[in-house]
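So you can see what is in the structure, the chains are spelled out below.
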Amino acid sequence: MEKREQLYEGKAKKVFATENPDYVIVSYKDDATAFNGKKKGTIEGKGVINNTMSNMMFRYLETKGVKTHFEEQLSERETVVKKVEIVPLEVIIRNVAAGSFSKHYGVPEGKVLAAPTIEFSYKSDALDDPLLNEYHALALELATKEEIETIKAMAFKVNDELKAFFKGIGIDLIDFKLEFGRFHGEIVLADEISPDTCRFWDSVTHEKLDKDRFRRDLGGVEDAYSEIFKRING
Ligand code: UDP
């Protein structure tokens, strides 16, 4: 597939057109942001890890019956994906309390939740990604009722598959964010699955192996990303 003009540059990726209107090429950067872009930095090698890891996760999920936007990895940082219309919802699944959940509900980080939770926020940098529920999403015409049902079922299925996968390599999947897109009318999993978008804790030491090391200035950021990558490839 041929790389043509740049269509978009986001915080962590660039998107390029191809000769086929159904496909785009994403290029992963080392740029890192947190707190809706208020904190900026670079995580050396992150683009390579997030690209390769996301693709491995998408391929794995496809084998489990989850439809994704993944097509073909072109290079260390570049991948062909289906050109989807992104549903403007960030879908967050949690297994263990952390981050904003702990803060909102006064639950200590690390408390295992009695059941996994799902929450949505409205993908809008201008509004700071406000939380909303599915009635809000319907009222604002962000997705149809049927799409929301599909997204919920897919998100919990992804959670079951990823939780089991990571448990097998000694990592607890604490929480993660998914994005979905529409491709010829069908909902598919899009965006990425990486230490930027998931919280990963070592199952034994509970060491954080994800972007919280960057958000919270814990040090060892690159090493954490490498460790996750190494375990997946182990
Ligand atoms: N997350 C993300 N992008 C966002 C917000 C959250 O990928 O814009 C991920 C984050 O890495 C974590 C999960 O979603 O794995 C839950 O994040 P939380 O709501 O606790 O937000 P935070 O504490 O990061 O503000």
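Below you will find a few notes about this structure. Values in this document were obtained by computation on a predicted structure and should not be read as measured data.

Describing the overall build of the protein chain
Here is step 1: Along the backbone of the protein chain there are six helices and 14 strands.
Here is step 2: Dimensions along the principal axes, computed over C-alpha positions, put the protein chain at roughly 50 × 40 × 35 Å.
Here is step 3: Burial status across the protein chain gives 52% buried among its 234 residues.
Here is step 4: Looking at the protein chain alone, contacts between residues at least 24 apart form 56% of all its contacts between residues at least 6 apart.
Here is step 5: On the protein chain, the mean spot of the 35 positive side-chain charges and the mean spot of the 42 negative ones are 3 Å from each other.

Concerning a negative patch on the surface
Here is step 1: A surface patch of like charges, here negative, comprises Glu44, Glu207, Glu222 and Asp223.
Here is step 2: Within the secondary structure, aspartate 223 sits in helix α6 (residues 221-233).

Things to note about the packing of helix α1 (residues 46-63) against α6
Here is step 1: Relative orientation of the contacting elements α1 and α6 amounts to 35°, with a least axis distance of 10 Å. The way α1 lies across α6 gives a crossing that is left-handed. Touching Lys46, Ile49, Asn50, Thr52, Met53, Met56 and Met57 of α1 are Tyr225, Ser226, Ile228, Phe229, Ile232 and Asn233, all from α6.
Here is step 2: Among the residues forming the contact of α1 with α6, the class breakdown is eight nonpolar, four polar and one charged.

Points about the side chain of serine 27
Here is step 1: By the secondary structure assignment, serine 27 is in strand β3 (residues 23-28).
Here is step 2: Taking relative accessible area as the criterion, serine 27 reaches 13% and is therefore assigned buried.
Here is step 3: Once residues lying within four places of it in the same chain are set aside, the contact partners of serine 27 are Ala12, Lys13, Lys14, Phe16, Arg77 and Glu78.

Some remarks on the packing of aromatic side chains
Here is step 1: This model, assessed by the stated rule, comprises four aromatic pairs.
Here is step 2: When the ring of phenylalanine 166 is compared with that of phenylalanine 200, the centres are 4.6 Å apart and the planes differ by 40°; the resulting orientation is tilted. Here the residue phenylalanine 166 occupies a position in helix α4 (residues 145-167), and phenylalanine 200 occupies one in strand β14 (residues 198-202), the gap between them amounting to 34 residues.
Here is step 3: A connected cluster of aromatic rings, assembled from ring pairs, spans Tyr60, Phe165, Phe166 and Phe200.
Here is step 4: In this structure, lysine 3 is placed above the aromatic ring of phenylalanine 16, and the distance from its NZ or CZ to the ring centre is 4.3 Å.
Here is step 5: Over the face of the ring belonging to phenylalanine 214 we find lysine 39, whose NZ or CZ atom lies 5.2 Å from the ring centre.

Here we look at α4
Here is step 1: Taking 1.5 Å as the rise per residue, α4 with 23 residues should run 33 Å; its terminal C-alpha atoms sit 33 Å apart, in good agreement.
Here is step 2: When α4 is considered as a whole, its buried residues turn out to be Glu147, Ile148, Ile151, Lys152, Met154, Ala155, Val158, Asn159, Glu161, Leu162, Phe165 and Phe166.

Thoughts on the site of the ligand
Here is step 1: Around the ligand, 15 residues are found, and the nearest of them are Arg94, Ser100, Asp175, Arg199 and Arg215.
Here is step 2: A distance of 2.9 Å separates an oxygen atom of the ligand from a polar atom in the side chain of arginine 199.
Here is step 3: Contributing elements (two or more residues each) for the shell around the ligand: β9 (89-96), α2 (99-105), β12 (171-183) and β14.
Here is step 4: Among the residues forming the shell around the ligand, the class breakdown is four nonpolar, three polar and eight charged.

Cut-offs used in this document
- Residues numbered from 1 in each chain as written.
- Predicted model: local features only at pLDDT ≥ 70, side-chain atom pairs only at ≥ 80, totals over all residues.
- Heavy atoms only, no water.
- Helix = DSSP H or I, 4+ residues; strand = E, 2+ residues; numbered from the N terminus.
- Buried < 20%, exposed > 50% of the residue type's maximum accessible area, 1.4 Å probe, protein only.
- Contact = heavy atoms within 4.5 Å.
- Lys, Arg positive; Asp, Glu negative; His and termini not counted.
- Charge placed at Lys NZ, Arg CZ, Asp CG, Glu CD.
- Patch = residues over 30% accessible without salt bridge, like charges linked within 9 Å, V, L, I, M, F, W, Y side chains within 5 Å.
- Areas by Shrake-Rupley, 256 points an atom, 1.4 Å probe, with all protein chains shown as cover.
- Salt bridge = Lys/Arg side-chain N within 4 Å of Asp/Glu carboxyl O.
- Axes fitted to C-alpha atoms, helices over the stretch in contact; angles between N-to-C directions.
- Left-handed = near helix turned anticlockwise from the far one by under 90°.
- Nonpolar A, V, L, I, M, F, W, Y, C, P; charged D, E, K, R; others polar.
- Phe/Tyr/Trp six-rings, centres within 6.5 Å; stacked < 30°, edge-to-face > 60°.
- Lys NZ or Arg CZ within 6 Å of the ring centre and 35° of its normal.
- Expected span 1.5 Å × (residues − 1).
- Near = heavy atom within 4 Å.
- Polar contact = N/O pair within 3.5 Å; in protein donor to acceptor, adjacent residues only side chain to side chain.

So yeah, pure geometry; function would need other evidence.
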